[in-house]
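Structure assessment
Letter by letter, the chains look like this.
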Amino acid sequence: MKRILTIQDISCFGKCSTTVALPIISAMGVETVILPTAVLSTHTMFQNFTVKDLTDELLPITEHWKKEGFHFDAIYTGYLGSTEEIEIAKKIFSDFGGDDTLIFIDPVMADNGKLYPAFDENYAKLNAGLCGEADIIVPNITEACFMTDTEYKEVYDEDYIKLLLERLAKLGAKTVVLTGVSLSEGKTGVYGLQTETGRYFTYQNDRVDAAYHGTGDIFASVCVGALTRGVNIDEAFKLAADYTRDTIKVTLDNPEKPWYGVDFEATIPGLVTNLYKLV
């Protein structure tokens, strides 16, 4: 069985980060090892949440793993809460990476033209350096702009997206993929560039007019799970985009109207069915 290490926080309530990565990747038939960077009572859209930082525990945990001789087929990073955690992630890549280990980075730090409150431009630059060590990175447009010193645009065309991808490619990752790319009305999806071949690829599906916390984590988790199972990159991103869309649709139909996260549990059977058509 393949094995993925995911490095991100645990929000005990709220359906994001590790609490979606673990069940989704496991359901895809991949052993999922977690390295929690912090434990939060809820995600940060709630008021008065508690936080326990676990940065000091990360290296002792991974040192134990080294002694045990553990190997990972993929390492997947999500939200990293500090510059220190970025440096630790680099060490983990060095200690456990290799030609047979996929390094997949979701540089969670910004959206809608703004950095999250905890971060500054120095953090963005350090995250850009981390992305240079990846096989695949999946920033949104805002994150890509901060990492490449590019002006953020709400309205853009395909040339702008390609410019962003070319600048991201210079960071050093083998494949760069922008998420949340809308090239026509009512559509959204991904646009990627494989840097070694110069091949662009894109996938657009129907845009659902709703926004929920954690959908980016769901998208990234499906991507890395599918890639680890041997699905090709085009199909992996299509699978993830469609699953995220379908999950948002199901959540909108929920009479309880959960605002804090999506009902990904209800759509896991469909995800597994569609995955097994590809592997």
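Everything that follows concerns the structure shown earlier in this document.
Residues numbered from 1 in each chain as written. Predicted model: local features only at pLDDT ≥ 70, side-chain atom pairs only at ≥ 80, totals over all residues. Heavy atoms only, no water.

Take the pattern of salt bridges next. Inspection of every chain in the model, using the stated rule, returns 16 salt bridges. Its salt-bridge partner being Glu87, residue Lys90 comes within 3.7 Å of it at the nearest N-O pair. You can see Lys90 and its partner Glu87 sitting in helix 3 (residues 83-96), 3 residues apart, about one turn around the helix. Classification of Glu87 by relative accessible area gives partly exposed; the value is 39%. A salt bridge links Arg199 to Asp234; the shortest N-O distance between them is 2.8 Å. Within this pair, whereas Arg199 is found in strand 11 (residues 199-206), its partner Asp234 is found in helix 8 (residues 233-252), the two being separated by 35 residues in sequence. For Asp234, a relative accessible area of 34% translates into the label partly exposed. (Salt bridge = Lys/Arg side-chain N within 4 Å of Asp/Glu carboxyl O. Helix = DSSP H or I, 4+ residues; strand = E, 2+ residues; numbered from the N terminus. Buried < 20%, exposed > 50% of the residue type's maximum accessible area, 1.4 Å probe, protein only.)

Here we take up the packing of aromatic side chains. Here the structure, examined in full by the defined rule, presents 15 aromatic pairs. Taking 5.6 Å as the distance between ring centres and 65 degrees as the angle between the ring planes, the aromatic pair formed by Trp65 and Phe72 counts as edge-to-face. Judged by relative accessible area, Trp65 falls into the buried class, the value being 10%. Site record: aromatic cluster; members linked through ring pairs are Phe13, Phe46, Trp259 and Tyr260. Over the face of the ring belonging to Tyr200 we find Lys162, whose NZ or CZ atom lies 4.8 Å from the ring centre. (Phe/Tyr/Trp six-rings, centres within 6.5 Å; stacked < 30°, edge-to-face > 60°. Lys NZ or Arg CZ within 6 Å of the ring centre and 35° of its normal.)

What follows is about the sheet that holds strand 10 (residues 187-194). Across the sheet, 9 strands lie side by side as 3-2-1-4-5-8-9-10-11; this open sheet has mixed pairing. Each edge of the sheet is formed by a strand with only one pairing partner; in this case those strands are strand 3 (51-53) and strand 11. Examined bridge by bridge, strand 5 (residues 102-105) and strand 8 (residues 136-137) share 2 bridges and lie parallel to one another. Note that in strand 8 the partner of Phe104 across the bridge is Ile136. Where helix 1 (residues 18-27) meets the sheet, its contacts fall on strand 1 (3-13), strand 2 (31-42) and strand 4 (74-77), and the angle it forms with strand 1 comes to roughly 135 degrees. (Pairing = 2+ DSSP bridges. Contact = heavy atoms within 4.5 Å. Axes fitted to C-alpha atoms, helices over the stretch in contact; angles between N-to-C directions.)

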